[in-house]
Every structure is written in structure tokens, then in C-alpha cells.
Amino acid sequence: MKTLPIGISTFAEIITDDHVYIDKTPHIKTLLDNGKYYFLSRPRRFGKSLLVDTLHQLFAGNETLFRGLHIHPHWDWTVQSPVVSISFAEGNLSGNAELERRIRHILRVNYERLGIDYDNFDDITSCFSDLIRYAKQKYGQNVVVLVDEYDKPILDNITNPTVAAEMRDGLRNLYSVIKGQDANIRFAFLTGVSKFSKVSLFSGLNNLSDITLDARYSALCGYTQTELEHHFSEHLEGVDMALMKRWYNGYNWLGEHVYNPFDVLLFIDGGKEFLPYWFETATPSFLIDILQKRPFHLPDLEAVHMDHRALGDFDVDRIHLETLLFQTGYLTIKEKRTPFVGSLPEYVLSYPNNEVRYSLMSYLLNICAR
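A brief look at the structure comes next. (Residues numbered from 1 in each chain as written. Predicted model: local features only at pLDDT ≥ 70, side-chain atom pairs only at ≥ 80, totals over all residues. Heavy atoms only, no water.)

**Digging into the pattern of salt bridges**
Counted only if it meets this: We define a salt bridge as a contact between a side-chain nitrogen of Lys or Arg and a carboxyl oxygen of Asp or Glu at a distance within 4 Å. Accessible area is worked out with a 1.4 Å probe on protein chains only. A residue is then buried under 20% of its type maximum, exposed over 50%, and partly exposed in between.
Applying the stated criterion across every chain yields a total of 15 salt bridges. The shortest N-O distance in the salt bridge between Glu-63 and Arg-67 comes to 2.8 Å. Here Lys-152 makes a salt bridge to Asp-156, at a shortest N to O gap of 2.8 Å. Its relative accessible area of 25% is what places Asp-156 among the partly exposed residues. Through salt bridges that share partners, Arg-44, Lys-152 and Asp-156 make up one connected network.

Put into C-alpha cells, the structure is as follows:
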């Protein structure tokens, strides 16, 4: 029986240590066959970091890790691309000065990993731009840019609009390099929790394809019912699968429903007790702060109606509670409607499953009782 990859987001470790791995490379192949610049929004603890690391190892040409996986016979392993990897997953940043120090550190680590000498880290934009150009010159291949938790510095300060705006502007300055270096970039992939408007954060990067609500990639992160039953069959012996489905399945982005991987792994590891594993460990502090300050009507969350714009209309000075609950995973799409031919779609949102319904309702009732 394969071991559970609890807390592991490193693709090589999962493969070499014989942990359970759900092959997402069919989706990755579709992604690579159809575009160059992508953005994906998914809630916390949904496997985004593992996805980004898988892309890193694929473009780096680490062929042995992909043997037996769907993409192996379809990939040119003779081509190895330099990869620039940026992640804001670690720690909390509370000001623009801290953000700039973190970005300089991240860029310095990339220079060292790619074996490129560089000593001018004062101008972040030039430093990032030079990194891409020099990496292409050294390796003779266009560069892959991977950004994990692209929005975390903003979300960590979302209840302080002034600081959040500083973070947004600083990150916009960084991400603008991607557009300017188009001729030197092979592929770019950015992922995070929230979907900030392109105007506010990705100014100029107008060719970034948002696949958050693309049905082809609904199961790019998370476990489908078929994947769960196939890969975890031994681990789930004796489990009431219908009850497990009601408790932990139900997340949907207009395609196939999925389970949160974190829930599945901790449910198995925790003695198969139906407990709110994800809710108790992944609820962000900024959401708690907003829920405590904003008025809401609890029954309305059973059937929230939103139009296409509102579902992705989010910025530091324009926070809609329902939009935030959707992007952070506490609401999911239950139905898509088109009121009339040619109109923008509308959506009906609700709790994805029992875990979120019972946990969030209990939490909100406790707030109301204070």
C-alpha cells in the first residue's frame, strides 16, 4: 500500500518515495497544447503548489520522474528549459519594504540556482527582466516562469486597504516584466487564491488566459470520484463512500466535481472520522476578520445568485463577501444559467459539501451570538 503524501508538495519526493500520486498530466498536456500564459485561482490546500512543482520538473526535463505517467510519451525530453520559480507562500509580509526584500531574495535564489552571476538587485524590474534574458542566453532556450501564491502578500493585508494597495502595486511592477519579456518566455503560469482584476494587478498582461472557470481544468487540482476510488481503494476499505462524498466532494468550476486533497488525506490518516479537516486548518485570517465586520444573512448562502462579472470582481477597495467566499472555497458553483441568448452567464452558488456547510454555519452563528 502506498503511503499518503500528507503535507508534501514536492513532485520528486512524492514519486521517488512511492507516495500516492494522482496523475494530472493529461490536464497538463491539454494546458501546454493550447496556450502559453495562464492564470488559475483555487482555494488554499488544493494542490496548487504541487501542480506548479510538477510543471517545474517537466520543463526542467527530469524524465525519470514522469515514467508511467500520461505525458511521458508525448514530451520532448531532449529539450530542457530554464525555469524561474517565484513563490510567496512562506511567511507574512506587512509592508512594501518587506515585499521588496522578499522579491530580491527570491530573484537572488533563482540567479544562484540557474548559475548566473549578478550583483545589482536594487531595481527589481530590471533584475527580473535581466534574469529572464540571461537565462535564455546561457541555456539557449526560452524561459519558463512559474508563480505560486501570486496574491498572498495582498490577501495577508486585505483588511488594511492602504498596505494591501501597496502590495498590489509592488506585485504589478514585478509581473509587468512577464509581458515585456514575451520574446524570451516559453510558458508562464500564475496561481493563487483570489482573482484580482487584470486592470488592477496584471496591467499590460492582457494575454493571460484565466482557466479558473474552464471546464477542461476543473479537475486540474483536487481528486475526482474516479481518482479517489482507484488510487485510495485500499486506504478506504470499509468507508461509507456515499457519506464521504456528501462530506468532502462537491467543489466545482464548471466541470467535474472534486474533493479537496487535504480533506481526503487527513480523513484517512485521522482514523476515517468525518471531521472538518480543511476548514479548521485552511480558513484564512483575513476571511475571519471580514466575516466579523460585514453584515450577512446566513440562509442566503444556500443559494447565492451572481453574474459573471461579480464572480471575479475583486480588488483591495472592492471586496464582495460572496465573491470572496467563492474564491476561498466556502461557496462553489451549483448551476450555470444563461438568461437569454447572447447574455453573460449567471451562477447559483452554495456550500460545496457537509464539511463546509456545517462548519461555516456554526462559525457564523457563534459570531452572531457574541
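**Re the sheet that holds strand 6 (residues 304-307)**
Just so we agree on the cut-off: Strands pair, by our definition, only if DSSP identifies at least two bridges between them. Think of it this way: any DSSP run of H or I at least four residues long counts as a helix, any run of E at least two long counts as a strand, and we number them from the N terminus. Here, axes are lines fitted to C-alpha atoms. For helices the fit covers the stretch in contact, and angles between N-to-C directions go from 0 to 180 degrees.
One open sheet holds the 3 strands; their spatial order is 6-8-7, and the pairing between them is antiparallel. Each end of this open sheet is capped by a strand with a single partner; those strands are strand 6 and strand 7 (332-337). Recorded for the sheet is a direction-independent mean angle of 30 degrees between the axes of neighbouring strands. Examined bridge by bridge, strand 7 and strand 8 (residues 346-350) share 5 bridges and lie antiparallel to one another. Looking at strand 8, one finds that Glu-335 is bridged to Val-348.

**Regarding the sheet that holds strand 4 (residues 185-192)**
Convention followed: Any two residues whose heavy atoms approach within 4.5 Å are treated as being in contact.
Here we have 5 strands laid out as an open sheet, ordered 2-3-4-1-5, and parallel in their pairing. Only two strands of the sheet have a single neighbouring strand rather than two, namely strand 2 (83-87) and strand 5 (209-210). Sheet topology places strand 1 (residues 37-41) next to strand 5; 2 bridges connect them, and they run parallel. By the bridge assignment, Tyr-38 is partnered in strand 5 with Ser-209. Sheet strands touched by helix 7 (residues 161-180): strand 1, strand 3 (143-148) and strand 4. Its angle to strand 4, the strand with the most contacts, is close to 150 degrees.

**What to know about helix 2 (residues 25-34)**
Operational definition: The arc in question is the one traced by the directions running from the helix axis out to the C-beta atoms.
Among the residues making up helix 2, those that are buried are Thr-25, Ile-28, Leu-31 and Leu-32. For helix 2, the arc enclosing every buried residue in end-on projection is 110 degrees, short of the 170-degree limit, so these residues lie on one face. Structurally, helix 2 contributes buried residues whose contacts are with strand 1, helix 3 (48-59) and strand 4.

**Side note on the environment of Gln-225**
You can see Gln-225 is positioned in helix 9 (residues 225-231). Under the relative-accessibility criterion, Gln-225 is labelled buried at 16%. For the pair Gln-225 and Gly-68, spaced 157 residues apart in sequence, the C-alpha to C-alpha distance is 22 Å.

**So, the packing of aromatic side chains**
Our working definition: Any Phe, Tyr or Trp ring, taking Trp's six-membered ring, that has another such ring centre within 6.5 Å forms a pair; planes under 30 degrees apart are called stacked, those over 60 apart edge-to-face, and the others tilted. Ring-over charges, as used throughout, are those where CZ of Arg or NZ of Lys falls within 6 Å of the ring centre and within 35 degrees of the ring normal.
Inspection of every chain in the model, using the stated rule, returns 28 aromatic pairs. Between Phe-39 and Tyr-150, the aromatic rings sit 5.2 Å apart at their centres with planes inclined by 85 degrees, giving edge-to-face as the arrangement. Of this pair, Phe-39 sits in strand 1 while Tyr-150 sits in the loop between strand 3 and helix 6 (152-155); the two residues are 111 residues apart in sequence, bridging distant segments of the chain. Each of the two residues, Phe-39 as well as Tyr-150, counts as buried. Centroid distance Tyr-111 to Phe-121: 5.6 Å. Interplanar angle 80 degrees. Geometry classified as edge-to-face. Here Tyr-111, found in helix 4 (residues 96-113), pairs with Phe-121, found in the loop between helix 4 and helix 5 (124-139); they are 10 residues apart in sequence, far enough to count as distant. Chaining the aromatic ring pairs together yields one cluster made of Phe-11, Tyr-21, Tyr-38, Phe-59, Phe-66, Trp-75, Trp-77, Phe-187 and Phe-189. Over the face of the ring belonging to Trp-253 we find Arg-42, whose NZ or CZ atom lies 3.9 Å from the ring centre. Positioned above the aromatic ring of Phe-262, the side-chain terminus of Arg-45 is 4.5 Å from the ring centre.

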